[in-house]
Amino acid sequence: DFSKAMSQAGTSQFQEVIRQELEYSMKVELDKILATAPSNELEHTKNDLEGFKKLFHRFLQEKGPSVDWGKIQRPPEDSIQPYEKIKARGLPDNIASVLNKLVVVKLNGGLGTSMGCKGPKSLIGVRNENTFLDLTVQQIEHLNKSYNTDVPLVLMNSFNTDDDTKKILQKYSHSRVKIYTFNQSRYPRINKETLLPIAKDVSYSGENTECWYPPGHGDIYASFYNSGLLDNLIAEGKEYIFVSNIDNLGATVDLYILNHLMNPPNGKRCEFVMEVTNKTRADVKGGTLTQYENKLRLVEIAQVPKAHVDEFKSVSKFKIFNTNNLWIALSAIKRLQEKNAIDMEIIVNPKTLDGGLNIIQLETAVGAAIKSFENSLGINVPRSRFLPVKTTSDLLLVMSNLYSLNAGSLTMSEKREFPTVPLVKLGSSFTKVQDYLRRFESIPDMLELDHLTVSGDVTFGKNVSLKGTVIIIANHGDRIDIPAGALLENKIVSGNLRILDH
């Protein structure tokens, strides 16, 4: 036993030496990069690299999945409230004074690359020529006009989206919404083998674009604080932020949730509220809320030990998932940030660059901080508050007559007889937005659709109606043109169908 203990001690000592060497080498490389920063960027770059150094230090310390599966428990009954219960309280007469304490924050760091678009994803047209950003501004402007309030919009950009977003913001200069921006950090990607940065200097244009990345939306706490904007908003009397992804079209300001935060029934305010919603088969990978060491904790699939992944995905055991619509107290962010007490698990995101180099990105997720806040709460909201547009299949749904658009908000059409959204799977010929748009002369009537699968070279004429389950498969080399005015109800179409103009 003695020799075993000695060899274990030796191993951990050896690992510690390697860790220290890696940290030292990283520090040397980061100092070299910092030395190339122009004086006007020095302070900013220094902040970014300091933040990265802390994250890298934690990455070297942690081993294996970050949760002990045996400690995971179901959350206590009252820690996840049904939305109906919160709505039943109604609204106070002075809802305007409550709204004036709110700031809307949209996570706007992402590019539209997964949908074949260049530039910020928020600038993709989603409905009647309106972009994600247009719809967001319309929603908040409608609030401000209806209640005579001053709810500002804050965009967290990344170095990828900042320039393009700022150019477009000029078009809202006459709208009744104050818009602020701040940038999330810029961290160096590291070589998977050497664990050293692939960047040689601070520039991030040209061939250096691949050397840097925005470190996930968990970076919001530090960046918001460092930008000075957090302090300014607190000085203006703002108390809560409502944070959501800009591509989630269901994430509108909810007055009932806001009232619950500002006027809690038990007199004790929540510092952090996470909107969760019931899982369907499509959401089995979504992060879930659990009770862990007497705190509410968000557990993501990447943190789950391999042996328990199937259990994690079970819709019966873990019934809810995180929508990433979050309500957070500004004073709490300031307090925790100043104490360096916001604890978020590290997500290691491996990627292969165009040249074939394997790199890793160290990231964090905004919702993972829930365990650092006091008196956190989950609210189980209707599915309609989770309407993300990640693919052209999602885009087809929100462009269709399933939804009506009013003051920037999409609501499910009253003509649809059941509240669930159809399952839509468009094949790879539709992945890019421009290809997708070319394949639909007009968006089909989908009010009575349950399921649509399209694969291969398929186009749709004007005024097509889809009902029930529709499967259209053009085999390799074949093409299917669905004729104008066609009604497809519970149909499988395969083979070759060309409609030729004569």
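All values reported here derive from a predicted model rather than from experimental measurement.

Undergrad: Any chance you could explain the UniProt feature "binding site: substrate" (unreviewed entry) in the protein chain here in plain terms?
TA: The residues that UniProt annotates with the feature "binding site: substrate" (unreviewed entry) are H217. Structurally, H217 can be placed in the loop between β9 (212-213) and α7 (220-226).

Undergrad: Hey, could you run me through the domain arrangement of the protein chain in this one?
TA: In many analyses, interface size is given as the accessible surface area lost on bringing the parts together. By the assigned domains, the protein chain splits into domain 1 (69-385) and domain 2 (392-494). Here domain 1 and domain 2 have C-alpha centroids that lie 30 Å from each other. Between domain 1 and domain 2, the contact holds 16 residues from the first and 16 residues from the second. Between domain 1 and domain 2, a total of about 1,200 Å² is buried, with carbon and sulfur atoms accounting for 63% of that surface. Viewed at the interface, domain 2 and domain 1 are joined by zero salt bridges. Applying the counting criterion to the domain 1 and domain 2 interface returns five residue pairs in polar contact (both at pLDDT 80 or more). Elements with a minimum of two residues in the side of domain 1 that touches domain 2: β3 (125-127) and α5 (132-147). Top element by residues in the side of domain 1 that touches domain 2 is α5. It accounts for four residues.

Undergrad: Please clarify how the sheet that holds strand β16 (residues 358-363) should be interpreted in this entry.
TA: The pairing of strands in a sheet comes from backbone hydrogen bonds and takes either a parallel or an antiparallel form. With antiparallel pairing, three strands are arranged side by side in an open sheet as β8-β16-β15. Of all strands in the sheet, those bounded by a partner on one side alone are β8 (190-191) and β15 (347-352). Here β8 runs beside β16; their pairing, made up of two bridges, is antiparallel. Its bridge partner lying in β16, N191 is registered against I359. Packing against the sheet, helix α2 (residues 42-61) makes contact with β8, β15 and β16, and its axis sits at approximately 105° to β16.

Undergrad: Please clarify how the pattern of salt bridges should be interpreted in this entry.
TA: Opposite charge on two side chains makes pairing possible when the charged atoms of those side chains draw close. Counted by the stated rule, this structure contains 27 salt bridges. For E239, the salt bridge identified is with R269, shortest N-O distance 2.6 Å. With E239 in the loop between α8 (229-235) and β10 (240-245) and R269 in the loop between α9 (255-262) and β11 (272-278), the pair connects residues that are 30 residues apart, well separated along the chain. In this structure E239 comes out as partly exposed when scored by relative accessible area, which is 25%.

Undergrad: I tried to follow the UniProt feature "binding site: UTP" (unreviewed entry) in the protein chain on my own but got confused; where do I start?
TA: As recorded in UniProt, the sites labelled "binding site: UTP" (unreviewed entry) are K121, Q184, G216, D247 and K390. Considering only the annotated residues already named, the ones lining the second largest pocket are Q184. By the element assignment, K121 lies in the loop between β2 (102-108) and β3. By relative accessible area, K121 is classed as buried at 9%. Beyond its immediate stretch of four places on either side in the chain, K121 contacts G110, L111, G112, M115, F132, D247, V389 and K390. Position of Q184 relative to the elements: it lies in the loop between β6 (179-183) and β7 (187-188). Not counting the four nearest positions on each side in its chain, Q184 is found in contact with G109, M156, N157, S158, P214, P215, G216, D219 and S223.

Undergrad: Hey, could you run me through the nonpolar core in this one?
TA: Core analysis: the biggest nonpolar cluster contains 107 residues, and Y221 and F460 have the highest contact counts within it. Per-element accounting of this core gives the leading share, six residues, to α5. Both of domain 1 (69-385) and domain 2 (392-494) provide at least three residues apiece to this core. When near neighbours in sequence (up to four residues on either side) are disregarded, F460 contacts F430, R439, F440, E441, P444, V454, L466, I472 and I482. In terms of nonpolar packing, the next biggest core, distinct from the first, is built from 27 residues, L22, L34, L49 and Y213 among them.

Undergrad: Could you clarify how one ought to interpret the sheet that holds strand β17 (residues 377-380) in this entry?
TA: Sheet architecture is open: eight strands sit in the order β1-β17-β11-β14-β10-β2-β5-β6, paired in mixed fashion. Across the chains shown, the open sheet's two edge strands, defined by having one partner strand only, are β1 (80-82) and β6. Within this sheet the neighbouring strands show an average axis-to-axis angle of 25°, counted without direction. Relative to strand β5 (residues 153-157), β2 runs parallel, the two being bridged by five bridges. Residue V105 lies in a different strand from β5, and its bridge partner there is V154. Against the sheet, helix α6 (residues 162-169) makes contact with β2, β5 and β6, and its axis sits at roughly 170° relative to β6, the strand it touches most. Here α9 sits on the sheet in contact with β2, β10, β11, β14 (320-329) and β17, set at roughly 55° to β14.

Undergrad: Which parts of the structure should I look at to understand unusual backbone geometry?
TA: Both trends apply: most residues other than glycine have a negative phi, and most peptide bonds are in trans. Even without glycine at this site, E293 takes up a positive phi of about 50°. Locating E293 in the fold gives a position in the loop between β12 (288-292) and β13 (295-299). In this structure E293 comes out as partly exposed when scored by relative accessible area, which is 49%.

Undergrad: Where do I start with helix α12 (residues 392-399) in this structure?
TA: Side chains three or four residues apart in an α-helix point the same way, a direct result of the helix having 3.6 residues per turn. Of all eight residues making up α12, six are buried, and the element is well covered by its neighbours. Among all positions of α12, only T392, S393, L395, L396, L397 and V398 are buried. Here the buried face of α12 lies against β3, β18 (403-406), β19 (409-412), β20 (423-426), α13 (433-439) and β21 (445-455).

Undergrad: For this particular structure, what's the right way to read the side chain of S158?
TA: In this structure, S158 sits in the loop between β5 and α6. Reaching out from S158, the side chain makes a polar contact with the backbone oxygen of G109 at a distance of 2.8 Å. Beyond its immediate chain neighbours, meaning those up to four positions away, S158 contacts N108, G109, N183, Q184 and P214.

What counts and how
Residues numbered from 1 in each chain as written. Predicted model: local features only at pLDDT ≥ 70, side-chain atom pairs only at ≥ 80, totals over all residues. Heavy atoms only, no water. UniProt positions renumbered as here; feature names shortened; annotations may be inferred. Helix = DSSP H or I, 4+ residues; strand = E, 2+ residues; numbered from the N terminus. Domains from an automatic or database assignment. Contact = heavy atoms within 4.5 Å. Buried area = accessible area lost by both parts, 1.4 Å probe. Salt bridge = Lys/Arg side-chain N within 4 Å of Asp/Glu carboxyl O. Polar contact = N/O pair within 3.5 Å; in protein donor to acceptor, adjacent residues only side chain to side chain. Pairing = 2+ DSSP bridges. Axes fitted to C-alpha atoms, helices over the stretch in contact; angles between N-to-C directions. Buried < 20%, exposed > 50% of the residue type's maximum accessible area, 1.4 Å probe, protein only. 1 Å grid on protein atoms, 1.4 Å probe; cavity = no way out; pocket = protein on both sides within 12 Å on 5 of 7 lines; lining within 4 Å. Core = buried A, V, L, I, M, F, W, Y, C linked by side-chain atoms within 4.5 Å.

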